[in-house]
Amino acid sequence: VNSNASIGRTQRPNYHPTPVLHHPTKRQRAMIRKVAHIWKETDSYWKLSSAFYGDASYWWVIAWYNQAPTESHLIIGDIIYIPKPLEVVMELYENF
């Protein structure tokens, strides 16, 4: 028996680290074209991503750019921006 072991003590789970996302500066935002979109009841990031980028998996780009991590951070009538073109946005993101 290991006398150093604590009875009833549990180990911390091994969680994945949460990434720190840096948002674009005003200067960087000026380099990106954007399309204004008025948030509607039926909207979701993945639907907008699919419509504007042709791939729903880039939903997080819209969330990141608008600094609204989930759809619950938006209300009907909010104006959000779809950053375009995706290649320029991804290059900007990767250079943080």
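Residues numbered from 1 in each chain as written. Predicted model: local features only at pLDDT ≥ 70, side-chain atom pairs only at ≥ 80, totals over all residues. Heavy atoms only, no water.

### As for the overall build of the protein
Here is step 1 of the chain: A tally of helices and strands in the protein yields four helices and two strands.
Here is step 2 of the chain: Along the chain direction, N to C, the helices and strands of the protein fall in the order α-β-α-α-β-α.
Here is step 3 of the chain: Looking at the protein as a whole, 27% of its 96 residues are labelled buried.
Here is step 4 of the chain: With an accessible surface of roughly 7500 Å², the protein has 54% of that area assigned to carbon and sulfur atoms. (Helix = DSSP H or I, 4+ residues; strand = E, 2+ residues; numbered from the N terminus. Buried < 20%, exposed > 50% of the residue type's maximum accessible area, 1.4 Å probe, protein only. Areas by Shrake-Rupley, 256 points an atom, 1.4 Å probe, with all protein chains shown as cover.)

### Here's the deal with the packing of helix α3 (residues 59-66) against helix α4 (residues 86-94)
Here is step 1 of the chain: Taken N-terminus to C-terminus, the directions of α3 and α4 make an angle of 65°; their axes are 12 Å apart at the nearest point. By crossing handedness, the relation of α3 to α4 is classed as left-handed. Taking contact as the criterion, the partners of Trp-60, Val-61 and Trp-64 in α3 are, on α4, Leu-86, Val-89, Met-90, Leu-92 and Tyr-93.
Here is step 2 of the chain: When grouped by side-chain class, the residues that make up the contact of α3 with α4 number eight nonpolar, no polar and no charged. (Axes fitted to C-alpha atoms, helices over the stretch in contact; angles between N-to-C directions. Left-handed = near helix turned anticlockwise from the far one by under 90°. Contact = heavy atoms within 4.5 Å. Nonpolar A, V, L, I, M, F, W, Y, C, P; charged D, E, K, R; others polar.)

### As for the pattern of salt bridges
Here is step 1 of the chain: Scanning all chains against the criterion turns up one salt bridge.
Here is step 2 of the chain: Taking the shortest distance from any N to any O, the salt bridge between Lys-40 and Asp-43 comes out at 3.8 Å.
Here is step 3 of the chain: Owing to a relative accessible area of 42%, Lys-40 belongs among the partly exposed residues under this scheme.
Here is step 4 of the chain: A residue is classified by how much of its surface remains accessible, and Asp-43, at 13% relative accessible area, is buried. (Salt bridge = Lys/Arg side-chain N within 4 Å of Asp/Glu carboxyl O.)

### Some details on the confidence of the model for the protein
Here is step 1 of the chain: On average, residues of the protein score 84 in pLDDT, and 77% of them reach the 70 mark or higher.
Here is step 2 of the chain: Per-element mean pLDDT across the protein ranges from 80 in helix α1 (residues 26-30) up to 97 in helix α2 (residues 45-53). (pLDDT = per-residue confidence, 0-100.)

### Points about the nonpolar core
Here is step 1 of the chain: Counting 18 residues, the largest nonpolar core has Tyr-45, Ile-62 and Ile-80 as its most contacted members.
Here is step 2 of the chain: Of all the secondary structure elements, the ones that give two or more residues to this core are α2, α3, β2 (79-84) and α4.
Here is step 3 of the chain: With five residues, the single largest contributor to this core is α3.
Here is step 4 of the chain: Excluding anything up to four places from it in sequence, Ile-62 contacts Tyr-45, Leu-48, Ser-49, Tyr-53, Ile-80, Tyr-81 and Ile-82. (Core = buried A, V, L, I, M, F, W, Y, C linked by side-chain atoms within 4.5 Å.)

### Concerning the packing of aromatic side chains
Here is step 1 of the chain: Counted by the stated rule, this structure contains two aromatic pairs.
Here is step 2 of the chain: Relative to Tyr-45, the ring of Trp-39 lies with its centre 5.7 Å away and its plane at 65°, an arrangement referred to as edge-to-face. For the pair shown, Trp-39 and Tyr-45 are each scored as buried.
Here is step 3 of the chain: Here the aromatic rings of Tyr-45 and Trp-59 are separated by 6.4 Å at their centres, their planes lie at 15°, and the arrangement is stacked. Of the two residues, Tyr-45 sits in helix α2 while Trp-59 sits in helix α3, which places them 14 residues apart along the sequence.
Here is step 4 of the chain: Judged by its relative accessible area of 1%, Tyr-45 is buried.
Here is step 5 of the chain: Taking relative accessible area as the criterion, Trp-59 reaches 38% and is therefore assigned partly exposed.
Here is step 6 of the chain: One aromatic cluster is present, formed by Trp-39, Tyr-45 and Trp-59 through successive ring pairs. (Phe/Tyr/Trp six-rings, centres within 6.5 Å; stacked < 30°, edge-to-face > 60°.)

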